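# Examining the three-dimensional arrangement
Each chain, written out:
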Amino acid sequence: MMENADAVLSRLPARLKAARQAQGLSLDAVAKLSGVSRSMVSQIERGESSPTVATLWNLTRALQVDFAGLLEDAPKGPQIEVLRAEAVPMIENRGSGCKIRILSPPEDAGVHEVYELRFAEGGVLDSDPHARGTQEHLTVFEGAVTVVSGGASERIGTGETARYPADVAHCIRAESAARAFLVVKAG
């Protein structure tokens, strides 16, 4: 069970700084990798600012460290890690009319990523090519979307799954409000 919030927050600055230094990264490098400003990273490391969950998620992905491990003491025996719905990081600035919930742990970034996608009608998620050999697996739970990968295009309805190359320009367009599960697997 997690301790009180003050104890957790008092450990966070030193643990983030230690993780950055262990990777041999400068504040500028972490800022570029995470999308968090250099000044904010510095303030967090000095204990002058408390990061939002989304900011902390971005930093842990950039530093390739365990999100929960930064906040908690070492686990005592077998455990089940649970991220409650309100604590799951969300990306809302990618695409148009698309919200992305990050379901996979940060240490899996770039290898095996899992997302829940929520589209408004007409929403679009455009993606640049990922690393060579990367594949995406998209399962639609509600609504319908069109997947475009390279020169191919397919309509995917409720209950259907599409598997396609993601090392080329690709996008997902919602015909109606839609919800889908996306797995990105490096090649």
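Look up: the structure comes first, before these words.
Here is what the cut-offs are and how they apply
Residues numbered from 1 in each chain as written. Predicted model: local features only at pLDDT ≥ 70, side-chain atom pairs only at ≥ 80, totals over all residues. Heavy atoms only, no water. Helix = DSSP H or I, 4+ residues; strand = E, 2+ residues; numbered from the N terminus. Contact = heavy atoms within 4.5 Å. Phe/Tyr/Trp six-rings, centres within 6.5 Å; stacked < 30°, edge-to-face > 60°. Buried < 20%, exposed > 50% of the residue type's maximum accessible area, 1.4 Å probe, protein only. Salt bridge = Lys/Arg side-chain N within 4 Å of Asp/Glu carboxyl O. Axes fitted to C-alpha atoms, helices over the stretch in contact; angles between N-to-C directions. Parallel < 35°, antiparallel > 145°, perpendicular 65-115°, else oblique. Left-handed = near helix turned anticlockwise from the far one by under 90°. Nonpolar A, V, L, I, M, F, W, Y, C, P; charged D, E, K, R; others polar. Pairing = 2+ DSSP bridges.

Within the element layout of this structure, serine 176 appears in the loop between strand E8 (170-174) and strand E9 (178-185). Remark: the alpha-carbon pair of serine 176 and proline 106, spanning 70 residues in sequence, is separated by 31 Å. Discounting residues that sit within four places of it in the chain, serine 176 has contacts with Ala120, Glu121, Gly143 and Ala144.

Attention shifts here to the packing of aromatic side chains. Counted according to the given criterion, the structure contains one aromatic pair. Pairing phenylalanine 141 with phenylalanine 181 gives two aromatic rings, centres 6.3 Å apart and planes at 70°, and the pair type is edge-to-face. With phenylalanine 141 in strand E4 (residues 135-142) and phenylalanine 181 in strand E9, this pair connects stretches of sequence that are 40 residues apart. With a relative accessible area of 41%, phenylalanine 141 lands in the partly exposed category.

This part takes up the pattern of salt bridges. Counted by the stated rule, this structure contains nine salt bridges. A salt bridge links aspartate 28 to arginine 38, with the shortest nitrogen-to-oxygen separation between them at 3.1 Å. With aspartate 28 in helix H2 (residues 27-34) and arginine 38 in helix H3 (residues 38-45), the pair connects residues that are ten residues apart, well separated along the chain. Given the relative accessible area of 41%, aspartate 28 is considered partly exposed. Across the pair glutamate 116 and arginine 179 runs a salt bridge whose closest N-O atoms are separated by 2.7 Å. With glutamate 116 in strand E3 (residues 112-127) and arginine 179 in strand E9, this residue pair connects regions lying 63 residues apart in the sequence. Residue classification places glutamate 116 among the buried residues on the basis of a relative accessible area of 8%.

Each pair of packed helices gets described by two things: the angle between the helix axes and the distance between those axes. Where H2 meets H3, the axes come as close as 8 Å, and the angle between the chain directions of the two elements is 115°. Taken together, the axes of H2 and H3 are roughly perpendicular relative to one another. Seen along the crossing, H2 lies across H3 with a hand that is right-handed. Judged by residue contacts, Leu27, Asp28, Val30 and Ala31 of H2 engage Arg38, Val41, Ser42 and Glu45 from H3. Partitioned by chemical class, the residues of the contact of H2 with H3 number four nonpolar, one polar and three charged.

Relative to E9, E3 runs antiparallel, the two sharing eight bridges. Of the residues in E9, the one forming a bridge with valine 114 is valine 183. Bridge count for E4 against E9 is seven bridges, and the pairing is antiparallel. Looking across to E9, one finds that leucine 138 is bridged to leucine 182.

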